[in-house]
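Structural characterization, general
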Amino acid sequence: MWFIILLAIIALTMLALFYAVYGLRCVFRPCLSEKTAAAASSVSVLLLFIISGLCLRFINAAVIIWHLAVFLLIGSLIRSAVSVLFGRKLPEKTVPVLGFILSFAVLGGGWYADHHVWRTEYNLVTSKKVKPVKFVMFADSHIGTTFDAEGFAGLVKDMNAERPDAVFIVGDFVDDDTSREDMIASCRALAEFKTSMGVYFVAGNHDRGYYGAARRGFSMNELTEELVKNGVTVLSDESVDLGEHLTVFGRRDFSVVRERHGSRSTPSELMTSIAPENYTVVLDHQPKEYDLLAEAGSDLVLSGHTHGGQLFPFNQVGQIIGAVDAVYGHEHRRASDFIVTSGISDWAIKFKTGTKSEYVVISLRGSDSGGR
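All values derive from a computational prediction rather than experimental measurement.

The periodicity of an α-helix, 3.6 residues per turn, causes residues three or four places apart in sequence to face the same way. All of the buried residues along helix α8 (residues 220-229) are Met220, Leu223, Glu226 and Leu227. Projected down its long axis, α8 carries its buried residues within an arc of 125°, all on one side. Within α8, the exposed residues directed more than 90 degrees away from the buried face are Asn221, Glu225 and Lys229. As for α8, its buried residues are in contact with α6 (180-190), β4 (198-202), α7 (213-216) and β5 (232-234).

Here you go:
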């Protein structure tokens, strides 16, 4: 599947490059021959692609070229529409001007949506007898991508100001590019959370690393040690009783099964020992197996991984191809609530044009309880 996606990205990028070259020729036509204008347009587009790739990684260069090509096409369609509807032709250079303005506006907004972290709140009600509680959830910090340990510490301060009863970290806390120093300092920042029920963590696919401990300077075991040292409970197919008829489960990430030939407990196996009157919170990095989780009696399932779909109009691709059961937001199945966060950071792509970065605040109360 990933090989097919890679081929699609390469094909889409090549198509966008060719169209961008075609769309920018008019910039050079007034002072150059047709052949020379085409060459100048080619050089300009390639320079934009190469410089963007060197500064932001080539996947982001591809995203920039995709947007430029699309908005050049839209600019061309607008010019044609004006000609048909009003009988007048806009200057040919209107097309690249519109293309660059729209690309800059959309990608500039996408950069801000990626690098600024919003607060998203959900209010949930359960028929079970639980006292009003507040949870803070975040995922996909990928320390070292959009912020380092110092920046993360500032976000911890914001989340701590919510005065949560418990904090749930739902995977991809670190990345293959996270330095050992940033990992240690970020774990230390987690010790600043002040909760009555604790801080809980499940690993995502990037926490374990794809290229070995030598590349980033620490292993999954060392990450776990630092988390535990700073008061974080690390769960891997395990549960903890929080008191007040609340139980939290942490599932081993699906990547352990798919990529590392391991195994993980099924939802029904996780739930066998839990009293039916307890409200169960399941932490599962990848939003998968929703029907099984609902059938097993999960009350609330929290996930990340998808980055909210990241780019419009590709937001729903993961769900369409069956890679995940949901991409973003809140969904109710049977008696279960499912929440997927877009995460507080990114991984490789530095723009969020179809979503925004966030941490999540969840206020839960029993149906017969009052407000907090």
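Right, let's get into the pattern of salt bridges. Applying the stated criterion across every chain yields a total of 19 salt bridges. Here Glu34 and Arg25 are joined by a salt bridge, their closest N and O atoms 3.1 Å apart. Judged by its relative accessible area of 43%, Glu34 is partly exposed. One salt bridge connects Arg119 with Glu121, and the closest N-O pair in it is separated by 3.0 Å. Under the relative-accessibility criterion, Arg119 is labelled partly exposed at 39%. One network of salt bridges, with partners in common, ties together Arg25, Arg29, Glu34 and Glu92.

Next up on the list: the packing of aromatic side chains. What the rule picks out here adds up to 11 aromatic pairs. Consider the rings of Phe49 and Phe58, whose centres lie 5.6 Å apart with planes at 50°: the pair is tilted. Among the residues examined, Phe49 registers a relative accessible area of 16% and is labelled buried. Classification of Phe58 by relative accessible area gives partly exposed; the value is 42%.

Consider a sheet: its strands pair through backbone hydrogen bonds, and that pairing is either parallel or antiparallel. Strand order in the open sheet formed by six strands is β6-β7-β8-β9-β11-β10, with mixed pairing between adjacent strands. Looking along the sheet, the strands with just one partner apiece sit at the ends: β6 (238-243) and β10 (329-333). When strand polarity is set aside, the average angle formed by the axes of neighbouring strands in this sheet is 20°. Alignment of strand β7 (residues 246-250) against strand β8 (residues 279-283), held across five bridges, turns out to be parallel. Bridge assignment links Val248 to a residue of β8, and that residue is Val281.

So, about the nonpolar core. Generally speaking, soluble globular proteins have nonpolar side chains that are buried together. If you look at the biggest cluster of nonpolar residues, it comprises 30 residues, and the most contacted ones within it are Phe138, Phe152, Phe173, Leu190 and Leu223. Counting residues per element, this core draws most heavily on α6, at five residues. In this view, Phe173 contacts Phe138, Ser141, His142, Ile143, Phe152, Ser186, Cys187, Leu190, Phe201, Asp207, Leu223 and Leu227; residues no more than four positions away in its chain are not counted. If you look at the next biggest cluster of nonpolar residues, it comprises 26 residues, including Val133, Phe135, Met137 and Leu300.

Attention shifts here to the packing of α6 against α8. At their nearest, the axes of α6 and α8 sit 8 Å apart, and the two run at 30° to each other. When the axes of α6 and α8 are compared, the pair comes out roughly parallel. Between α6 and α8 lies a crossing of right-handed hand. Counting all contacts with α6, which are made through Arg180, Met183, Ile184, Cys187 and Leu190, the residues of α8 involved are Glu222, Leu223, Glu226 and Leu227.

One way to put it is that helix α2 (residues 34-56) packs onto helix α3 (residues 58-86) with a least axis distance of 7 Å and a crossing angle of 140°. Overall, the two elements α2 and α3 adopt an arrangement that is oblique. As α2 runs across α3, the sense of the crossing is right-handed. For the pair α2 and α3, the contacting residues are Val45, Leu48, Phe49, Ile50, Ser52, Gly53, Leu54 and Leu56 in the first and Phe58, Asn60, Ala61, Ala62, Ile64, Ile65 and Leu68 in the second. Considering only residue class, the contact of α2 with α3 consists of 12 nonpolar, three polar and no charged.

Conventions adopted
Residues numbered from 1 in each chain as written. Predicted model: local features only at pLDDT ≥ 70, side-chain atom pairs only at ≥ 80, totals over all residues. Heavy atoms only, no water. Buried < 20%, exposed > 50% of the residue type's maximum accessible area, 1.4 Å probe, protein only. Helix = DSSP H or I, 4+ residues; strand = E, 2+ residues; numbered from the N terminus. Arc of directions from axis to C-beta. Contact = heavy atoms within 4.5 Å. Salt bridge = Lys/Arg side-chain N within 4 Å of Asp/Glu carboxyl O. Phe/Tyr/Trp six-rings, centres within 6.5 Å; stacked < 30°, edge-to-face > 60°. Pairing = 2+ DSSP bridges. Axes fitted to C-alpha atoms, helices over the stretch in contact; angles between N-to-C directions. Core = buried A, V, L, I, M, F, W, Y, C linked by side-chain atoms within 4.5 Å. Parallel < 35°, antiparallel > 145°, perpendicular 65-115°, else oblique. Left-handed = near helix turned anticlockwise from the far one by under 90°. Nonpolar A, V, L, I, M, F, W, Y, C, P; charged D, E, K, R; others polar.

Any link to function would need more than the numbers given here.
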